[in-house]
Amino acid sequence: MNPEEKIRISFRLNGREVEAHVLPGETALHLLRERLGLRGVKEGCGIGECGACTIVVDKKAVNSCLMLAAQLHGCEVLTVEGLESPVGLHPLQEAFLEHDAIQCGYCTPGMLLSAYALIISRGVPTREEIVRALAGNLCRCTGYHQIVDAVQDAARRMAGKEEGRW
Amino acid sequence: MVRGYSRPRSLDEALEMLARLTPRALPIAGGTDLLVDLREGRLGECHLVDISRLEELKVLEKRSGKIRVGAGLTFSEVERSGLLRECAPVLVKASSQVGSLQIRNVGTIGGNVAHCSPAADTIPALLVHRARVVLRSSNGSREVALEALLGGPYKALLAPGELITEFVLEDASHMWGEFSKIGRRRELAIARLSLAALARKEDGRIGELYLALGAGTPVPRRMESAERALLGKRPQEGDLWEAGWLMAQEMVSVSGPRPSTHYKEKAACGLLVRTLLPLLEDGS
Ligand code: FES
Ligand code: FES
């Protein structure tokens with residue numbers, strides 16, 4: 001049926017090895033959300049403007065709508081589903097709840113992942129660094145202040161405790 | 001329609017693939033422009049050749065007074081490079097202002113140039129650094145001035161099967177550099193202008209000055225009338241307004257009158273003044 005060749009890829013997804021056969025023009029967003037069922041990967045604009053589709057690939061925040069699924073091969077991928085652990089919500093998630101940094105929630109997974117990538121690379125970031133790192137994540141509801149507060153708070157709580165997750 | 005995808009392991013293998021699959025072969029690096037084109041149905045039948053992980057495209061070194069910058073470096077990598085902060089300040093500033101962090105983490109300077117958008121942020125920066133472009137194909141290599149590659153909006157003059165492998169910049173250590181733009185988000189692209197500036201002051205006079213305007217003309221270009229107006233001067237603010245006006249005239253004479261001309265003339269002029277104001281006090 002399909003005129004295109006399929007490509008076999010393998011990568012680590014939320015700590016687990018996965019294998020998939022992907023189409024050459026398939027986006028990472030499509031693979032993760034539609035085929036692997038990770039509904040935390042949201043599609044907003046589909047063209048790199050909103051950040052709702054943000055995932056963490058090899059410790060960096062990227063837009064999954066602008067990445068080919070095939071390009072995930074060999075990478076370490078984190079979606080919001082991988083943030084939570086058996087012992088409960090991630091400190092970032094706790095902080096978002098406590099600071100009322102969520103209204104409709106559509107932007108939240110992307111925000112959490114951008115914030116996560118920032119904290120693992122920077123430790124406790126300044127407010128300015130947080131604003132800059134989240135500039136590619138749009139929120140139509142909160143007005144951002146609560147989100148920045150939550151990230152700052154979580155970073156302090158996480159300081160020195162994130163070893164071993166990667 | 002994307003018909004195939006390959007991930008060559010070396011530059012030579014990539015060049016061989018591009019040659020074999022021409023004219024359908026399409027290199028993909030960060031993909032941040034290409035995937036938008038794909039989604040909007042602007043790509044024809046193609047086979048993607050993934051060059052995003054080729055180490056050969058990540059060169060970064062200073063050699064005999066020139067700075068070699070690999071085309072495969074991401075905007076984030078450019079921004080973080082100590083060598084480039086020192087020797088190519090305008091490129092660093094332009095890269096740090098591209099899109100969002102998510103885009104800077106994967107988008108490359110080679111891709112930015114090859115896509116050749118009138119509003120590509122790194123092109124004006126590379127122009128003021130007087131970049132030359134090294135191109136390779138399975139048949140060999142050539143080096144051209146960046147200007148010679150900019151054929152028109154979204155038209156880089158690359159031969160079939162050819163890849164940009166690196167940029168060779170003049171060393172700009174100890175020079176003053178700035179990159180500024182009007183309008184940040186992509187949906188405002190029509191209203192957007194960017195200006196790259198690189199200067200050296202000697203005894204209070206402007207000894208060297210390079211200016212390049214983005215998004216004001218079909219492809220970004222050096223604004224030599226404004227450069228000439230300020231060279232050798234100890235400029236006052238009035239001189240900047242004059243130079244800004246000359247630049248606006250040059251922009252209009254290249255682009256022809258547009259509905260946006262009236263706005264863009266004033267905006268270009270103001271952008272030049274705002275960008276070069278700090279040069280009046282410091283910038284030695
Ligand atoms: S859906 Fe990817 S950035 Fe909006
Ligand atoms: S909470 Fe609604 S978009 Fe951010």
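If you're wondering where the values come from, they're calculated on a predicted model, not measured in any experiment.

Scanning chain B from terminus to terminus reveals eleven helices and 14 strands. Taking 2.2 N^0.38 as the reference for a compact globule, 284 residues should give roughly 19 Å; the C-alpha atoms of chain B span a radius of gyration of 19 Å, in line with that estimate. The dimensions of chain B, computed from C-alpha atoms along their principal axes, are 60 × 45 × 30 Å. When the 284 residues of chain B are sorted by exposure, 57% land in the buried category. Considering only intrachain contacts with a sequence separation of at least 6, the fraction spanning at least 24 residues in chain B is 64%. Total accessible area on chain B stands at roughly 11900 Å², and carbon and sulfur atoms take up 52% of it.

To continue, consider the overall build of chain A. Along its length, chain A carries five helices and five strands. Counting from the amino terminus, chain A carries its helices and strands in the arrangement β-β-α-β-β-β-α-α-α-α. Computed over C-alpha atoms, the radius of gyration of chain A comes to 16 Å, within 12% of the 15 Å expected from 2.2 N^0.38 for 166 residues, which places it in the range of a compact globule. With respect to the principal axes defined by its C-alpha atoms, chain A has extents near 50 × 35 × 25 Å.

This next bit is on the sheet that holds strand β7 (residues 140-145) of chain B. Two pairing modes exist for strands in a sheet, parallel and antiparallel, and in both the strands are linked by backbone hydrogen bonds. Residue and element names in this part refer to chain B. One open sheet holds the five strands; their spatial order is β4-β5-β10-β6-β7, and the pairing between them is antiparallel. The open sheet has two edge strands, β4 (60-63) and β7, and neither has a second partner. For this sheet, the mean angle separating the axes of adjacent strands, direction not counted, is 20 degrees. Note: strand β6 (residues 132-137) against strand β10 (residues 163-170), five bridges, orientation antiparallel. Directly across from V133, in β10, lies its bridge partner F167.

A word on a nonpolar patch on the surface. On the surface, L89(A), L97(A) and I102(A) cluster together into a nonpolar patch covering about 240 Å² of accessible area. Here I102(A) is to be found in the loop between α2 (91-98) and α3 (108-122).

It is possible for side chains bearing opposite charge to pair when their charged atoms get close. On inspection of all chains with the given rule, the structure shows 33 salt bridges over all chains. The salt bridge partner of R132(A) is E79(B), with a shortest N-O separation of 2.9 Å. Taken together, the residues span two chains, with R132(A) in helix α4 (residues 127-133) and E79(B) in helix α3 (residues 75-80). Taking relative accessible area as the criterion, E79(B) reaches 14% and is therefore assigned buried. Between E227(B) and R222(B) there is a salt bridge; the shortest N-O distance is 2.6 Å. We classify E227(B) as buried; its relative accessible area is 5%.

Residue and element names in this part refer to chain A. When cut into domains, chain A gives domain 1 (7-82) and domain 2 (91-165). Using C-alpha coordinates to define each centre, domain 1 is positioned 20 Å away from domain 2. Listed per partner, the contact involves 18 residues of domain 1 and 14 residues of domain 2. Around 1200 Å² of area is buried between domain 1 and domain 2 when both sides are counted, 65% of it from carbon and sulfur atoms. A per-residue breakdown of the area domain 1 buries against domain 2 is headed by K42, T54 and V80, which together make up 34% of the total. At the surface where domain 1 touches domain 2, the tally comes to zero salt bridges. Counting the contacts that link domain 1 with domain 2 gives five residue pairs in polar contact (both at pLDDT 80 or more). The dominant element in the side of domain 1 that touches domain 2, judged by the number of residues it contributes, is strand β3 (residues 54-57), at three residues.

Now for the pairing of β6(B). Relative to β7(B), β6(B) runs antiparallel, the two being bridged by six bridges. Among the inter-strand pairings, S137(B) is bridged to a residue of β7(B), identified as G140(B).

On to the sheet that holds strand β1 (residues 2-6) of chain B. Residues and elements named next belong to chain B. Taken in spatial order, the three strands line up as β1-β3-β2 in an open sheet, and their pairing is parallel. With partners counted over all chains shown, the strands left at the sheet margins are β1 and β2 (25-28), one partner each. Recorded for the sheet is a direction-independent mean angle of 30 degrees between the axes of neighbouring strands. With four bridges joining them, β2 and strand β3 (residues 46-50) adopt parallel strand pairing. Bridged to I28 within β3 is D50. Contacting β1, β2 and β3, helix α1 (residues 11-21) runs over the sheet at an angle of about 175 degrees to β3.

Let's shift gears to the environment of C75(A). Residue and element names in this part refer to chain A. Tracing the chain through its elements places C75 in the loop between β4 (60-63) and β5 (76-78). Judged by its relative accessible area of 7%, C75 is buried. Considered as a pair, C75 and T27 are 48 residues apart in the sequence and their alpha carbons are 15 Å apart.

A few words on the interface of chain B and chain A. Taken together, the 33 residues of chain B in the interface contact 35 residues of chain A. Between chain B and chain A lies a buried interface of about 2500 Å² when both sides are counted; carbon and sulfur atoms form 50% of it. Counting the surface chain B buries against chain A, the share from its top three residues, Y5(B), L35(B) and Q102(B), is 26%. Taken together, chain B and chain A are joined by two salt bridges. The shortest N-O distance in the salt bridge between E43(A) and R39(B) comes to 2.7 Å.

Residues and elements named next belong to chain B. Mean pLDDT over chain B stands at 94; residues scoring 70 or higher make up 96%. Note on residues 186-191: pLDDT under 50 across the span, and eleven contacts to partners over four residues away in sequence or across chains. Two numbers describe this predicted complex: its pTM, 0.95, and its ipTM, 0.94.

Conventions and cut-offs
- Residues numbered from 1 in each chain as written.
- Chains lettered and ligands numbered in written order.
- Predicted model: local features only at pLDDT ≥ 70, side-chain atom pairs only at ≥ 80, totals over all residues.
- Heavy atoms only, no water.
- Helix = DSSP H or I, 4+ residues; strand = E, 2+ residues; numbered from the N terminus.
- Rg over C-alpha atoms; globule rule 2.2 N^0.38 Å.
- Buried < 20%, exposed > 50% of the residue type's maximum accessible area, 1.4 Å probe, protein only.
- Contact = heavy atoms within 4.5 Å.
- Areas by Shrake-Rupley, 256 points an atom, 1.4 Å probe, with all protein chains shown as cover.
- Pairing = 2+ DSSP bridges.
- Axes fitted to C-alpha atoms, helices over the stretch in contact; angles between N-to-C directions.
- Patch = residues over 30% accessible without salt bridge, like charges linked within 9 Å, V, L, I, M, F, W, Y side chains within 5 Å.
- Salt bridge = Lys/Arg side-chain N within 4 Å of Asp/Glu carboxyl O.
- Domains from an automatic or database assignment.
- Buried area = accessible area lost by both parts, 1.4 Å probe.
- Polar contact = N/O pair within 3.5 Å; in protein donor to acceptor, adjacent residues only side chain to side chain.
- pLDDT = per-residue confidence, 0-100.

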